[in-house]
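Given next are the chains, with one letter for each unit.
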Amino acid sequence: MLPRFYREAGIEDLWNRSRPAYDQVIDAYHGPVSRALLEANGYLRNPTSGYLGRRFQIYVDLLGAPNQIQTRSYKDDYYVVVTPSADLQLDEIRHAYLHYVLDPLALKFSKQLERIRGMADYAQGAPALPDAYRSDFVLLSTECLIKAVESRLAGTGERQFLVDRAFREGFVMTPAFAEGLMAYEKQPMALRLYFPDLTASVDLKREEKRLEAAEFTKEAAVKKVRRADPPPEPELTPAEKTLSEADDLYRKRDLEPARQAFLKVLQQTTLTSMHAKAYYGLARVAALEKDPELAERLFEKVLESSPDDETKSWTYVYLGRLADASERRDDAVNNYRNVLSIERAAPAARAAAEKGLQQAFEKGK
């Protein structure tokens, strides 16, 4: 059985209503992401998802700002969080996955990388290069390798463009790694075994000439994204539809149909918060029909049914006015004070309570 809080807050009902939207996004990502990661594994000749005991997980956050992707690594575990977007963020997810697979290589073979450390000095003059890469040679090397791999996974006509763009942004080892990967593709070893040969194949004299003639761009390229359509409004439950109809009838002062509709809500759901709104409607109907005793009992039922702060604050206002009408000023004052103690009380209810504390309520004033 669910804990009381979850039952009263309707968490299970909320999840059941929002789950189709989550399932839709997850289904949209599942196939393309699986293919993208399979392609990366195939290129790297990586038979598993990296190394034993490590995790790469992707989460969908439908409540986040659109067109966002956040990646975090905590020791051996890598996490990616994507938010709604018009286009699937496959390139970014694959980029994070390449970090997951290739980050350990740069650390494992850091001594072999020392041979080309001097190339990083040229990166210091690249205005578009983020500061993190200026101060961390291993991180810079890994990012250059990832960009080189991404260029080899791209279509033939796009490969050189991606390499040149990365180079101009300050990822200075990308061209050398991209050329070395051409030789890697012609031999049978996995990249995790071939990595020392890849670094050894860098022609430092050739790269020095390339770097001396480099013209770095001032700003990194920004990916353009299409604006995501807003998520559809969740479909109302039968009880919510009936409650909306009951409120409309109450506003029109069709009191008997409104009463029947509020009573129907009590039968359509077990959520206490919905019951609170139904009792609140029934209490107001009783008040309009000049049955203060019934109205007061029904308002008390509201308070017993876990109402939201807006409903609760107006309930105390009505109880205060009923107490004033029956010349029970002390009870009225206590009810008005209860309104002011509610953190998220409805502003109009708070104003009514403050007025009630200053002067006893009189109908028509």
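One can find the structure itself at the top, above this paragraph.
Values in this document were obtained by computation on a predicted structure and should not be read as measured data.

Chemist: Run through the environment of Glu92, naming residues and quoting values.
Modeler: Mapped onto the elements, Glu92 comes out in helix H3 (residues 90-108). Distance from Glu92 to Ile69, taken between C-alpha atoms, is 7.4 Å for residues 23 residues apart in sequence.

Chemist: Break down the pairing of strand S2 (residues 69-74) for me, with residues and values.
Modeler: Inspection of the sheet shows S2 paired to strand S3 (residues 77-82) by six bridges, in the antiparallel sense. Bridged to Ile69 within S3 is Val82. The hairpin formed by S2 and S3 contains two residues between the paired strands, and Lys75 there has a positive phi angle of roughly 60°.

Chemist: Help me get a handle on helix H10 (residues 191-200), residues and values and all.
Modeler: Turning to H10, its buried residues number three or more, namely Leu191, Tyr194, Phe195, Leu198 and Thr199. Projected onto a plane normal to the axis of H10, the buried residues spread over an arc of 145° and lie on a single side.

Chemist: Before we move on, could you go through the sheet that holds S2 and cite the residues and values that matter?
Modeler: Two modes of strand pairing occur in sheets, parallel and antiparallel, and in both the strands are linked by backbone hydrogen bonds. Here we have three strands laid out as an open sheet, ordered S1-S3-S2, and mixed in their pairing. Here the strands that pair on one side only, and so sit at the sheet edges, are strand S1 (55-60) and S2. For this sheet, the mean inter-axis angle between neighbouring strands, taken without regard to orientation, is 15°. In the sheet, S1 pairs with S3 via six bridges, with the strands oriented parallel. By the bridge assignment, Arg55 is partnered in S3 with Asp77.

Chemist: Residues and numbers for helix H14 (residues 272-288), please.
Modeler: Between its first and last C-alpha atoms H14 spans 24 Å; for 17 residues at 1.5 Å apiece the expected length is 24 Å, and the two agree. Burial within H14 is extensive, with twelve of its 17 residues counted as buried. Those residues of H14 that sit buried are Met274, His275, Ala276, Ala278, Tyr279, Tyr280, Gly281, Leu282, Ala283, Arg284, Val285 and Ala286. Where the residues of H14 are buried, they touch helix H12 (238-251), helix H13 (255-268), helix H15 (292-303) and helix H16 (309-325).

The rules behind the values
Residues numbered from 1 in each chain as written. Predicted model: local features only at pLDDT ≥ 70, side-chain atom pairs only at ≥ 80, totals over all residues. Heavy atoms only, no water. Helix = DSSP H or I, 4+ residues; strand = E, 2+ residues; numbered from the N terminus. Pairing = 2+ DSSP bridges. Buried < 20%, exposed > 50% of the residue type's maximum accessible area, 1.4 Å probe, protein only. Arc of directions from axis to C-beta. Axes fitted to C-alpha atoms, helices over the stretch in contact; angles between N-to-C directions. Expected span 1.5 Å × (residues − 1). Contact = heavy atoms within 4.5 Å.

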